[in-house]
Structures are given as structure tokens and as C-alpha cells.
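Listed here are the chains, written in short residue letters.
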Amino acid sequence: MTYLLTALHPNVLIPLLLSMFFGIFVGGMPGLTATMAVALIIPITYYMPPLTALAMILGASFSSIFAGDIPATFLRIPGTPASGAAVLDGFEMTKKGKGALALSLDLICSATGGIIGVLLLILVAPPLAKLALKFTNYEYFWLGIFGLSMSAVLSRGNLMKGLSSALLGLLISTIGLDITTGYPRFTFGTIELMDGIGFIPAMIGLFGISEVLKRVQGTEKDLELPAINEKIKPSLLTAFKIMIKKFFVVIKSAVIGTFVGALPGAGADIAAWVSYGVEKKTSKKSDEFGTGVVEGVIAPTSANNAALGGTWIPALVFGIPGDTITAIVLGAMLMYGLRPGPLIFQENGDLVNGLFFIAILIQFLLVIVGYFGIRAYTYFLKMKTSVVLAAVIIFSIIGSYAIRNSYFDIYIMLIFGLIGYLFEKIDVPLAPMILGIILGPMIENNLRVGLTKTNGSLIPFFTRPISITFIVLIFLVFFSSYIFRLLKKLF
Amino acid sequence: MDILNNEVINSPPFFKRGGLGGFTMKVKDLSYGIVLVIISIFVFIYGSNFPEFVVRGNRLPGPKFFPFLISFLLLIFGLYFIIRSLLILKTSKSNNSVEKVTKKGLVRVIAVIIGISFYVPLINLIGFKIGTFVFSTIMMSLFGIKIFKSMLYSLILTIIIVIIFEKIFLIPFPQKFFPF
């Protein structure tokens, strides 16, 4: 019981609430990620007791992941990478004048998904983490291919264009120093390209600047943002009723999100894409996905917050980061004098239990903080659209710059903005390209290491049980609609 | 100025009927296919200079292995789009045909691109605060807000940005005239 009392003490609760508002603010700003929110909060937590410090980190990460969905829904700019999938139907709902409902649903599902994720973290952490530990290069390779296949399949329109977009993303990911040999690839003698293409500037360009260009290309009327025409008031009760009706989607997505999040390197962004893809593939109205259906909002938003619970599984139990946020957290835990690993449950049992309790508490607080976050955010959107567009350009520029304090990243953002603008003109989906950029290093490294281990033999890639499982899943991703149709005909 | 009229551009065939939005699927696929082929050929040529990765006499997958693999696949995709567009005789309209590019819109698109390109030299020349204010005023005016209102909104926006990024996040920007 002591951990319950400690967790509810104002010394923990007040910093926790402040960190959540901070997370809402940072996550809601295009270009500032949940990882950045956590990284910025670490120095503040250094002088605090470990439970307060970890509570603040948890609060900032959960709230910023949700807040990333706010610009994703209203402006088609994912505030964080984990909000990429939320853009698809969330923004379409906004275009139909249902932006507030989309975000309310997003908030309720994020909190519910978060609760499910944390409960799974508490209940099934050890077996899941053990499974993830069994993964070798071959399984990670197929996991990357699986994620990429999902994004290509779920992109609207031509599958071939989706796949080629993913391949372009993979090619872009090869820019920079080769991780094995250190040889600079496609850097053209530029020092800034040695670290590769900055993912955040590329994403801001592809989703933010291209959207601005698309808006300004038409008549004066086209300059209007759809969200401004709507009275933006979160309707939590309506959202709650919708969520109850679609509760199975929430549970399914949260479970997938937690599982994917528990796989090291996968994180909330892939969890959101995979859940969205699974929901689209299994839904009766899969053709309507991407046009503003509620399931398209529920699936990724339940999954990305649930994934945060999942990322803590390997981090806490085995000291292996599930994503970039938990990578920072592990460093911070060492700083607080804590040693992540199986012994932490024995040595710091009260702390871990307190942390679990706080993680559940955060989900309830998220509804309150998120509600005010949405309300506050709408003041920004109630401004004249032209002002908002100019502000979006400036925030995109500064957001791109702020990641590495690099002017070069501003130009990267502009180039990707142009690519995004032109690609949309020729009906090439952008999401697979983004995922290709994220998964590129993981796919390449595991492919190369796997081949090196076997002197070039591909056999282990196709013979290991978990690899075979992923291959079957990939096969199902591509052919599930045909299989379902065939089964329907047969039965 | 005629170029600023809100009429759909109709002079060059490229923009015919709804500008880029009216671009037919056949031409789109052909252009995309050609771009993919050019990219893959470029990677093959540029990447051929990448060194081999040999450890104790064993030739292992080196820096060029993955880009070449991807480029090979891109080449196949590129050829697929080219052949498909050449084989399809009937042209069909794209999904985006409703999104029209107006003359004034095109000017705005080009101005935004040029504006962002010149933002960095601008803030290096006159400092982050004044540079952001000037850039913001130009963008807002370009989007149809009257100059005085643009200046007022830009002033508020600049103050917010300075407080958030310079004062709270302590991100370093060129100062020039305002060293505070």
C-alpha cells in the first residue's frame, strides 16, 4: 500500500500534471516529438526522487503521444511519428467537419489503449519479453519487411505505387555513413548528410509543407482550413459511446499495439501502422478506410498509447529499450541509481509497483489534461487560416531546425515538402516512404548481418520458426482479401 | 496582373484542364516510371565507386549491397510503370483532378518555396527575430491578409516563437540587432 500513498502524494502528482501539460504542448507542436519531450524533461527530473522523476517521464511520453494526434487530425501534420497513421482518417473526419469528434474519440481511445497496454505490461511482461528476446537478425529483418508491407498495402490506391514509395524510403535511408564500414554513401561530400536524412525534417516536409503547398495552390477559398469552420468542442460523451460500440476494435488494436511495442525497435509508430493495417484488412468496410471512418481513428490511437506500455516490457524486465523514449529512460534510470533488469522487481519492488499504478493513473489524467489541451489548441486554429498557414510554415521551419540546430535540415524539409507535393499529384502514397525511411536501417543491418553470419546463405531467413511466422503474416497481408473472398465463396 | 488571376492555367499542355490535377494517369505513370528508372541508374553509377567489404578474404555484403538491391527493385517497378502506361491506350483522369492549380495559386506555391529557401540567409542577415517577422509578414500578405494586419499578426507570432524556442528551449538563433 505504501506505493499507492506515495504515488498519490502532491509531490508526485503536481510534477506529474505539469509534465503532462508539457507533453501536450511539445507533442502538439509539429516537429517536436515525444522523444524530444522526454529528452527535455530529463534534466529537470535529475534532482527529484526516482518515482517522481519516472512519473514525469511517463506523463510526458503518454500525453505527447496523444498530443501528436492533434495537429495530425486538424492540420494533417503528425505532431509525433506515432501519429502518422492517425492522419489518414482523422484528417478526413476534420474535412467533413468532425475534427472535434475525431480528437475526442482519439483521446478516449488513447486513454483506454493506454490502460490496456499498462495492464498487459503488468500481466504478461515476462513471456512477451522472452519471446522478443528470441528474435535474431532474421526475425528482425522480416519484422521490418512486415511493417513495410503493411504500410504499402494500407496506402490508398495502387499497391505497386505504395511498394515503390516504400522502396524509395528504403533508398533514402541508405544516405549517410554505412554503419558497418563507415563509408559515406550518397553524401556528395556534404558533412550534414553523414548522419543521414533527418527523419523529423523529412516528415514535416512530406506531411506539413506539402499540405501548405496544396492549400495555397488553388483559389482563395481553398486557403480555408476545414477545422476552422467547425465549433471545436471535445465531445467526450459521444466519443465514449462510440468507443463502447467499437470496444472490440480498441481491445484488438491495444493488444497489437502492446505486442508490437514490446518488440525492441518497433515502437508506437509501427504499432499504430500495424493496427491500422490489421483493422483495415479485417473490417467489413475496408474500402472506406482513409475517407474518415471512426475505426481508422480508433485503431492507431488505441495502439500507439498501448505501445508505450509495451515498450516498457523489454526495457524494465531486460534493460532493452523498446523505442527511442525508453532508450532515454534507461539512461535516466541509471542516472537515478536504478538498474533496469529482472532484479529490479526484487530490489525496487515498491518503485515498480508505484510506477505501474502511476501509469494507470496517467490514463485517467490524460482525459482531463487532453481535454484542456484540445480546447487550448483550438484557439490556435481559430485564427485566420492564412495566419495559421504562415505559422505552420514558420513552426515547420523552426521545428526542423530545432532537432539538430541545423540549417541544412530546413532545406531537407523543403525538398521533402516538394517531393510530397509532387508525389500526391501523381498519386504516389507518402506513408510507405516514411516507414521505409524509419525501417531502412533495421532492415538493411539485419539483412547484412544475417547474410554475413551464414556466408551469404539465405536459408536461415526462411527456416526459423518466427521467421516463417512473419513470412506467413506478410503473405496474409498481401493476399488476405483474396483469401477472405475465396473462403466466402467456399462457405 | 494577368498571372495573378484566379483562372485555371491553360496555356502549356502540361497544366491543361485543371493544371497538374488534370494530368492523366497515363502521363503520371510514365513520368513516375521514368523518374524511378533514372534514380536506379544513378544509384548504380554513383554506387559503383563504393568499396567492397572483404574480411579475411571473404567478400561480405558491403556498402553498395543494399542500395543496389533496392535500385534493382526500383528499376523493375520503373519499367513496369513505363510499359503499363505505354500499353494502356485509353487515358484516365487521376483521383486528384478536382484539386485545381490556379495561376495565383501557382505563384503562391513558388513564392512559398522561394521564401523558405531564403529564410536562412534572411535570418543570418538581419537576425532571427526581425527575419521571422519579415518572413511571416510576407507569407501572410501573400496569403491575402492586408499588410497592417499581417504585421500585427506576425509581431504576435514572432513573440510567441521567441518565447517558446529561444527562451524556454534555449535554441540558438542568429541575434544580430537584438542581442536579448
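Residues numbered from 1 in each chain as written. Chains lettered and ligands numbered in written order. Predicted model: local features only at pLDDT ≥ 70, side-chain atom pairs only at ≥ 80, totals over all residues.

Participant: An account of the overall build of chain A is requested, with residue identities and associated values reported.
Facilitator: Looking only at helices and strands, chain A has 22 helices and two strands in total. Looking at chain A residue by residue over its 491 residues, the buried ones come to 62%. The long-range share in chain A, meaning contacts at least 24 apart out of those at least 6 apart in sequence, stands at 78%. (Helix = DSSP H or I, 4+ residues; strand = E, 2+ residues; numbered from the N terminus. Buried ≥ 20, exposed ≤ 12 C-beta atoms within 10 Å, placed from the backbone. Contact = placed C-beta atoms within 7 Å.)

Participant: Which residues make up the overall build of chain B, and what values go with them?
Facilitator: When helices and strands are counted, chain B shows five helices and two strands. Element order for chain B, N to C, with α for helix and β for strand: α-β-β-α-α-α-α. Taken over 180 residues, chain B has a buried fraction of 34%. Pairs at least 24 residues apart make up 68% of the contacts formed inside chain B by residues separated by at least 6 positions.

Participant: I'd like a rundown of the environment of T132 of chain B, residues and numbers included.
Facilitator: Here T132 of chain B is to be found in helix 4 (residues 128–142). According to the C-beta neighbour criterion, T132 of chain B is buried, with 24 such atoms within 10 Å. Sequence-distant contacts of T132 of chain B, defined by excluding residues within four places in its chain, comprise I394 of chain A together with I123, T158 and I161 of chain B.

Participant: Residues and numbers for the packing of helix 12 (residues 247–262) of chain A against helix 13 (residues 267–282) of chain A, please.
Facilitator: Residue and element names in this part refer to chain A. For the pair helix 12 and helix 13, the least separation of the axes is 8 Å and the interaxial angle reads 140 degrees. If you check the angle between helix 12 and helix 13, you find them oblique. For the pair helix 12 and helix 13, the crossing hand works out as right-handed. Seen from helix 12, the contacting residues are V249, S253, I256, G257, V260 and G261; seen from helix 13, they are G267, A268, I270, A271, V274, S275, V278 and E279. When its residues are assigned to classes, the contact of helix 12 with helix 13 shows eight nonpolar, five polar and one charged. (Axes fitted to C-alpha atoms, helices over the stretch in contact; angles between N-to-C directions. Parallel < 35°, antiparallel > 145°, perpendicular 65-115°, else oblique. Left-handed = near helix turned anticlockwise from the far one by under 90°. Nonpolar A, V, L, I, M, F, W, Y, C, P; charged D, E, K, R; others polar.)

Participant: Describe helix 12 of chain A, naming the residues involved and giving the relevant values.
Facilitator: Residues and elements named next belong to chain A. Across its 16 residues, helix 12 extends 22 Å between first and last C-alpha, which sits within 8% of the 22 Å expected from 1.5 Å per residue. Within helix 12, 12 of the 16 residues are buried, which leaves it mostly tucked inside the rest of the structure. Taken together, the buried positions of helix 12 are occupied by V249, V250, S253, A254, V255, I256, G257, T258, F259, V260, G261 and A262. (Expected span 1.5 Å × (residues − 1).)

Participant: With reference to specific residues and values, describe the nonpolar core.
Facilitator: Residue and element names in this part refer to chain A. In terms of nonpolar packing, the biggest core is built from 189 residues, with I57, L105, I393 and I394 touching the most fellow members. With 14 residues, helix 7 (residues 99–133) is the largest single contributor of residues to this core. Residues contacting L105, with those up to four places away along its chain left out, are A239, I242, M243, V294, V297 and I298. (Core = buried A, V, L, I, M, F, W, Y, C linked by C-beta atoms within 7 Å.)

Participant: Pulling in residues and values, what's your account of the interface of chain A and chain B?
Facilitator: Between chain A and chain B, the residue contacts involve 49 residues of the former and 58 residues of the latter. A class-by-class count of the residues in the side of chain A that touches chain B yields 27 nonpolar, 12 polar and 10 charged.

Participant: Describe the packing of helix 4 of chain B against helix 5 (residues 147–168) of chain B, listing the residues and the values that go with them.
Facilitator: Residues and elements named next belong to chain B. Where helix 4 meets helix 5, the closest approach of the two axes is 8 Å, and the angle between their N-to-C directions is 140 degrees. It follows that helix 4 is oblique to helix 5 by the angle criterion. Here the hand of the crossing between helix 4 and helix 5 comes out right-handed. Residues K129, T132, F133, S136, T137, M140 and S141 of helix 4 touch helix 5, and the partners they reach there are I147, S150, M151, Y153, S154, L155, L157, T158, I161 and V162. For the contact of helix 4 with helix 5, the class distribution of residues is nine nonpolar, seven polar and one charged.

Participant: Describe the environment of S110 of chain A, listing the residues and the values that go with them.
Facilitator: All names here are of chain A. As for its position among the elements, S110 is in helix 7. As a C-alpha pair, S110 and Q363 span 253 residues in sequence and 7.9 Å in three-dimensional space. With residues near it in sequence (within four places) discarded, S110 still touches F66, T301, N305 and L366.

Participant: Can you tell me about the environment of G373 of chain A, naming the residues and giving the values?
Facilitator: By secondary structure assignment, the location of G373 of chain A is in helix 17 (residues 349–381). If sequence neighbours within four positions are ignored, G373 of chain A has contacts with I24, G28, A67 and I70 of chain A.

Participant: Which residues make up the confidence of the model for chain A, and what values do they have?
Facilitator: Residues with a pLDDT of 70 or more make up 85% of chain A, whose mean pLDDT is 81. The element-level mean pLDDT for chain A is lowest in helix 16 (residues 344–347) of chain A, coming to 70, with strand 2 (residues 184–185) of chain A highest at 92. (pLDDT = per-residue confidence, 0-100.)

Participant: Report on unusual backbone geometry, specifying residues and quantitative values.
Facilitator: Residue and element names in this part refer to chain A. A positive phi angle is found at F188, which is not glycine, with a value near 55 degrees. As for its placement among the helices and strands, F188 is situated in the loop between strand 2 and helix 10 (199–216). Of note, the phi angle at D427 is positive, near 60 degrees, even though the residue is not glycine. With respect to the helices and strands, D427 occurs in the loop between helix 19 (408–425) and helix 20 (431–453). Overall, the presence of 18 C-beta atoms within 10 Å leaves D427 in the partly exposed class.

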